[in-house]
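Structural characterization, general
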Amino acid sequence: MDINGAGSIAGDASSSTPSTGFTQLTASASQSFQHFLDKTTPHVLYRWIVFVFIAVLYVVRVYLLEGFYVVSYALGIYILNLLVGFLSPQVDPEVQDLSDGPTLPTRETDEFRPFVRRLPEFKFWYSITKAFCIAFVLTFFSAFDVPVFWPILLFYWIVLFTLTMRRQIRHMIIYKYVPFSFGKQRYDGKKAISSESEDLLP
């Protein structure tokens, strides 16, 4: 009985080994990929250069194939959705009352608060890059090459983009926020320390 029991245990171990090995391999690959993403976080310029390369590669492939316009249209709608999240504040003052909480500064004497996006820059980059990679892979499957008159899709996307951006810009003007840091005054801690030390001098 012991021999049979040992044989059954060995059989169970051998049968569970492939699934366990695959699970460990998947977890290891996911961990390595996440570590790679964490290392690329501070390298903003290089990340966006990689994105531009992938985007140009996709555009060239679609142009040469002269197809997959529905995939490109869906990609454009998804990019527009990401862009709205990237340009919007984390807490929308239009739908939530901020009278009891922190508000965006409206005067020069107000306390400086950095703009916090609903969709952070890294997630925006990762999502849009992943979307282009998926769309590029879909161009290898003829089932997604739906025949369509592409100028209509392009015209509709341009109209949708114009209306969405007009609404977003109106929202920025009403609530007085700018989602970019270009040209904004920067506050350096060293300057503040030096000014305080000068006040302490006799």
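Okay, so let's go over this structure. (Residues numbered from 1 in each chain as written. Predicted model: local features only at pLDDT ≥ 70, side-chain atom pairs only at ≥ 80, totals over all residues. Heavy atoms only, no water.)

**Observations regarding unusual backbone geometry**
Backbone geometry at Glu66 places phi at a positive 55 degrees, although glycine is not the residue there. With respect to the helices, strands and loops of the structure, Glu66 is situated in the loop between α2 (44–65) and α3 (69–87). Judged by its relative accessible area of 63%, Glu66 falls in the exposed class. Positive phi is not limited to glycine here, since Phe68 has a value of about 60 degrees. (Helix = DSSP H or I, 4+ residues; strand = E, 2+ residues; numbered from the N terminus. Buried < 20%, exposed > 50% of the residue type's maximum accessible area, 1.4 Å probe, protein only.)

**A look at a nonpolar patch on the surface**
A contiguous nonpolar surface patch, about 530 Å² in accessible area, is contributed by Val52, Val56, Val60, Tyr63 and Leu64. With respect to the helices and strands, Val52 occurs in helix α2. For Val52, a relative accessible area of 46% puts it in the partly exposed group. (Patch = residues over 30% accessible without salt bridge, like charges linked within 9 Å, V, L, I, M, F, W, Y side chains within 5 Å. Areas by Shrake-Rupley, 256 points an atom, 1.4 Å probe, with all protein chains shown as cover. Salt bridge = Lys/Arg side-chain N within 4 Å of Asp/Glu carboxyl O.)

**Quick notes on the pattern of salt bridges**
By the definition in use, this model includes one salt bridge. As a salt-bridge pair, Glu121 and Arg47 come within 2.9 Å of each other at their nearest N and O atoms. With Glu121 in helix α4 (residues 121–138) and Arg47 in helix α2, this pair connects stretches of sequence that are 74 residues apart. Residue classification places Glu121 among the partly exposed positions, given a relative accessible area of 22%.

**Regarding the side chain of Gln168**
Within the secondary structure, Gln168 sits in helix α5 (residues 150–175). Residues within four places of Gln168 in sequence aside, it is in contact with Val84, Leu87, Ser88 and Tyr177. (Contact = heavy atoms within 4.5 Å.)

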